[in-house]
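Coordinate analysis (summary)
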Amino acid sequence: PPAGLIHWILVVLSLHPYIERQVREELKRVVWSRLPQYGDIAALPFFSAVIREVLRLHPVAHEIHRQANHEDEIN
């Protein structure tokens, strides 16, 4: 993951200790002492929700430039 995402996850967790506690409990229950694997994502719904919320609040891509391929008319 991009360093910016990790930074904002840590900031958000440090500002909300009760959420950090829930993330830690979920990780402890699912992963315990081994390294997490891709297959663990489905078993980590709270942590996944935290990551999605951090991405919503602090998107990694600040701007996305788009250009139309052709003109279009609406109505």
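What comes next is a walk through the structure. (Residues numbered from 1 in each chain as written. Predicted model: local features only at pLDDT ≥ 70, side-chain atom pairs only at ≥ 80, totals over all residues. Heavy atoms only, no water.)

Considerations on the nonpolar core
Within the largest apolar cluster, 12 residues are counted, these being Leu-5, Ile-9, Val-12, Leu-13, Ile-19, Val-23, Val-30, Val-31, Leu-44, Phe-47, Val-50 and Val-54. Secondary-structure elements contributing two or more residues to this core are helix 1 (3–15), helix 2 (17–30) and helix 3 (45–57). Among the elements that take part in this core, helix 1 stands out by supplying four residues, more than any other. (Core = buried A, V, L, I, M, F, W, Y, C linked by side-chain atoms within 4.5 Å. Buried < 20%, exposed > 50% of the residue type's maximum accessible area, 1.4 Å probe, protein only. Helix = DSSP H or I, 4+ residues; strand = E, 2+ residues; numbered from the N terminus.)

Details of helix 2
Over its 14 residues, helix 2 extends 20 Å from the first C-alpha to the last, a length consistent with the 20 Å expected when each residue adds 1.5 Å. For helix 2, every residue scored as buried is listed here: Ile-19, Val-23, Glu-26 and Val-30. Buried residues in helix 2, looked at end-on, bunch into an arc of 65 degrees, giving them a common side. Of the exposed residues in helix 2, those oriented more than 90 degrees away from the buried face are Arg-24 and Arg-29. Among the structural elements, helix 1 and helix 3 are those in contact with the buried residues of helix 2. Just downstream of helix 2 lies Trp-32, where phi reads positive at about 55 degrees. (Expected span 1.5 Å × (residues − 1). Arc of directions from axis to C-beta. Contact = heavy atoms within 4.5 Å.)

Digging into the packing of helix 1 against helix 2
A pair of packed helices can be characterised by two numbers: the angle between their axes and the separation between those axes. Their axes nearest at 5 Å, the elements helix 1 and helix 2 cross at an angle of 115 degrees. It follows from the interaxial angle that helix 1 and helix 2 lie roughly perpendicular. Contacts between helix 1 and helix 2 involve Leu-13, Ser-14 and Leu-15 from the former and Pro-17, Ile-19, Glu-20 and Val-23 from the latter. (Axes fitted to C-alpha atoms, helices over the stretch in contact; angles between N-to-C directions. Parallel < 35°, antiparallel > 145°, perpendicular 65-115°, else oblique.)

Topic: the pattern of salt bridges
Applying the stated criterion across every chain, the model contains four salt bridges. Where Arg-56 meets Glu-53, a salt bridge forms, and the shortest distance between an N and an O atom there is 2.6 Å. Separated by three residues within a single helix, Arg-56 and Glu-53 lie in helix 3, roughly one turn from each other. By relative accessible area, Arg-56 is classed as exposed at 56%. Judged by its relative accessible area of 33%, Glu-53 falls in the partly exposed class. (Salt bridge = Lys/Arg side-chain N within 4 Å of Asp/Glu carboxyl O.)

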